[in-house]
Amino acid sequence: MPTYVLPPLGNNPSSAGEGTTPGSFANVPDLGGPLSFSSPDTPGMPSPSEKTAWDFLPSGWSRKAGGDTAHAPEGFRPSTQLDHARLGAVTPEMRRVAEREEHLNPEQVRVEVAAGRMVIPANHVHLGGGLDPMCIGRASATKVNANMGASPVSSNTDDEVEKLRFAERWQADTVMDLSTGGDLDATREAIIGAARVPIGTVPIYSMILGRRLEELDEQAILAGIEHQARQGVDYMTVHAGLLQEHLPYVRQRLIGIVSRGGSLLAKWMIQHGKQNPMYSLWDDICEILRRYDVTFSIGDGLRPGGLADASDAAQLAELETLGELTERAWRHGCQVMVEGPGHVPFDQIEYNMKLQRRLCHGAPFYVLGPLVTDIFPGYDHITSCIGATAAAYHGASMLCYVTPKEHLGLPKKDDVKQGCVAYRIAAHAADVALGLPGARNRDDELTKARAALNWEKHFELSFDPDLARAFHDEDLDVDTDFCAMCGHDWCSVRISKEIVGFLSGKDDRYAWEAPRVSEALSPEQRAILEKRGVLSPEELHRLARKTRASMGAETGKRADCHSDLTTDDEAQRLQDQTTD
Ligand code: SF4
């Protein structure tokens, strides 16, 4: 037996409890508390806030004895999920969320929403259309957002709707329409009409189309926000935390302000010599968003745009204001999430997540990446998904994807896929590490299929089955007891499977049901391989035929190499060999 001692264990994330490892090293789950699923704190990290949305009730409200519900003034009509949750009502949307988050029941969802730790972005208008309600918060699985939107130089409405479908197919949980070109109104309308996922926008983009920035006034801001709320936008980024007082800090930076909304508002403040209008109009904006139940995504206009600017005075001063705006929005009954950086060295990510958790009292944190290095343009879906994994482990609730096109151009369909896949990896890795019940089940199922060398099940359980099959079939289109990576004689999984004393491949549920030979490559798989540019399709099939012949496989007959054919004597011989 090993003599080392494992750290105190959180919770095995495999609900089947079949894992052979100890499970998550994260804190023991605390549903209904400030640390639902949380990482242990590195020394010196800010502690969680002792306050929640319950400490910021609208005037005239009082919390009932016992704690989890409140009285509203006579004649009050609830509008938002937060209003309903505070009054003790479980809405159909909360019930739907509980169906989708199998470890939560509807009452737990209500409690999280009432505390402000969870949001359900569901505009009344979009709910009347095709929206399938989902939630964002630490008590639930980590979510992924995909950005899209036409730019002045590229793309159109049809392309954007097509990208939306692609993002939904690759399991984005929400989509932001960040269009800055073409017919913004028509594009937004078409995307909301087609979307089953919540749609977010940054309303200032459309406010400055057709007018000069200096002409933007308070009336235009409120009208623009109301218009988008009426269209059915589920959540809006409002850059209200960037104040006049913060602008001097920006001079120290290497790259200034990289948020589009943030840079526009900074310029407006300088031109007018006035405070950020989003900040001055905050209470009016809250009232509009409350009417439609549009969730706030309070923007971080001063997010760092390079490692050198991370965690600087500008970013942290703005974060304090985001905390103040969160409290004020809760007093209006609005649902709130808060946006975060950006570009952050890996070692600073935990601090950033835990500082937000403290200053914004547990309101869900929605982060862009963060990118952990600046020198890999073209690969920023990778640099950022490394940071996103750490962010989700330490406190973020939703991850905004970054595509390979980041900093370089407008993402096309395949870039959307690459971004979605990278961020599903980050979100899933964090959920497993946090010990979210059931998070690891599919990993364990795939491991069993892999151990059984059951390629069909292996592909079926893969996130991208076509890609997995195409890569496998690139060298071998016959279902052998090995793959082209090590070959027959060196395949440790095959040898393990043949050793009688090991479980590998002996579970009936993973055994092949019938002998089979892979079908030929589908057009999609062929396209995947052609794109790789390694082998021509002709060459692939020539190799596959060669392998098939050498293994004696024919359609309807399992290849001779298959270890299910191993006799007890042969198994014994292999076992003896292995233990020599
Ligand atoms: S050949 Fe190597 S990579 Fe392929 S299944 Fe066997 S052990 Fe795994």
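Note that this is a predicted model, so its numbers are computed, not measured. (Residues numbered from 1 in each chain as written. Predicted model: local features only at pLDDT ≥ 70, side-chain atom pairs only at ≥ 80, totals over all residues.)

Visitor: Lay out the overall build of the protein with the relevant residues and their values.
Guide: In terms of helices and strands, the protein carries 23 helices and 12 strands. Across the 580 residues in the protein, those meeting the buried criterion constitute 46%. Taking as baseline every contact in the protein between residues at least 6 positions apart, the subset at least 24 positions apart corresponds to 73%. (Helix = DSSP H or I, 4+ residues; strand = E, 2+ residues; numbered from the N terminus. Buried ≥ 20, exposed ≤ 12 C-beta atoms within 10 Å, placed from the backbone. Contact = placed C-beta atoms within 7 Å.)

Visitor: Outline unusual backbone geometry, listing residues and values.
Guide: Omega for the peptide link from P341 to G342 comes to 5°, which places this bond in the cis form. Along the chain, the position of G342 falls in the loop between β10 (336–340) and α14 (349–359). With an omega dihedral of 5°, the bond running from G369 to P370 counts as a cis peptide bond. Counting through the fold element by element, P370 comes out in the loop between β11 (365–368) and α15 (380–394). For Q171, which is not glycine, the phi torsion reads 70° and is therefore positive.

Visitor: Please set out the site of the ligand residue by residue, giving values where relevant.
Guide: Taken together, F482, C483, M485, C486, C491, S492, V493 and R494 make up the full set of residues near the ligand. In terms of residue class, the shell around the ligand is made up of six nonpolar, one polar and one charged. (Near = placed C-beta within 6 Å. Nonpolar A, V, L, I, M, F, W, Y, C, P; charged D, E, K, R; others polar.)

Visitor: Residue-level account of the pairing of strand β6 (residues 174–177), with values.
Guide: The alternating pattern of β6 places T174 and M176 and V175 and D177 on opposite faces, both of which are buried. Sheet analysis places strand β5 (residues 143–148) next to β6, joined by four bridges and oriented parallel. Bridging from a neighbouring strand, N147 pairs with M176 of β6. Running through helix α6 (residues 184–194), the crossover from β6 to the neighbouring parallel element strand β7 (residues 199–201) is right-handed. (Pairing = 2+ DSSP bridges. Right-handed = clockwise from strand over helix to strand, strands pointing away.)

Visitor: Report on the packing of helix α8 (residues 218–231) against helix α12 (residues 282–292), specifying residues and quantitative values.
Guide: It is at 10 Å that the axes of α8 and α12 come closest, and there the two elements cross at 10°. Taken together, the axes of α8 and α12 are roughly parallel relative to one another. Contact with α8, carried on its side by L222, I225, E226 and A229, involves D284, I285, I288, L289 and Y292 of α12 and no other residues of that element. For the contact of α8 with α12, a count of residues per class yields seven nonpolar, no polar and two charged. (Axes fitted to C-alpha atoms, helices over the stretch in contact; angles between N-to-C directions. Parallel < 35°, antiparallel > 145°, perpendicular 65-115°, else oblique.)

Visitor: Lay out the sheet that holds β7 with the relevant residues and their values.
Guide: Spatial strand order, β5-β6-β7-β8-β9-β10-β11-β12: eight strands in a closed barrel with parallel pairing. When strand polarity is set aside, the average angle formed by the axes of neighbouring strands in this sheet is 25°.

Visitor: For the packing of α14 against α15, give the residues involved together with the corresponding values.
Guide: Between α14 and α15, the least distance of the axes is 9 Å, while the angle of their chain directions is 40°. In terms of axis orientation, α14 runs oblique to α15. Note that α14 runs across α15; the crossing there is right-handed. Facing I349, E350, M353 and K354 of α14, the residues of α15 in contact are G387, A390, A391 and H394. Of the residues assigned to the contact of α14 with α15, the class counts are four nonpolar, two polar and two charged. (Left-handed = near helix turned anticlockwise from the far one by under 90°.)

Geometry only, nothing functional implied.
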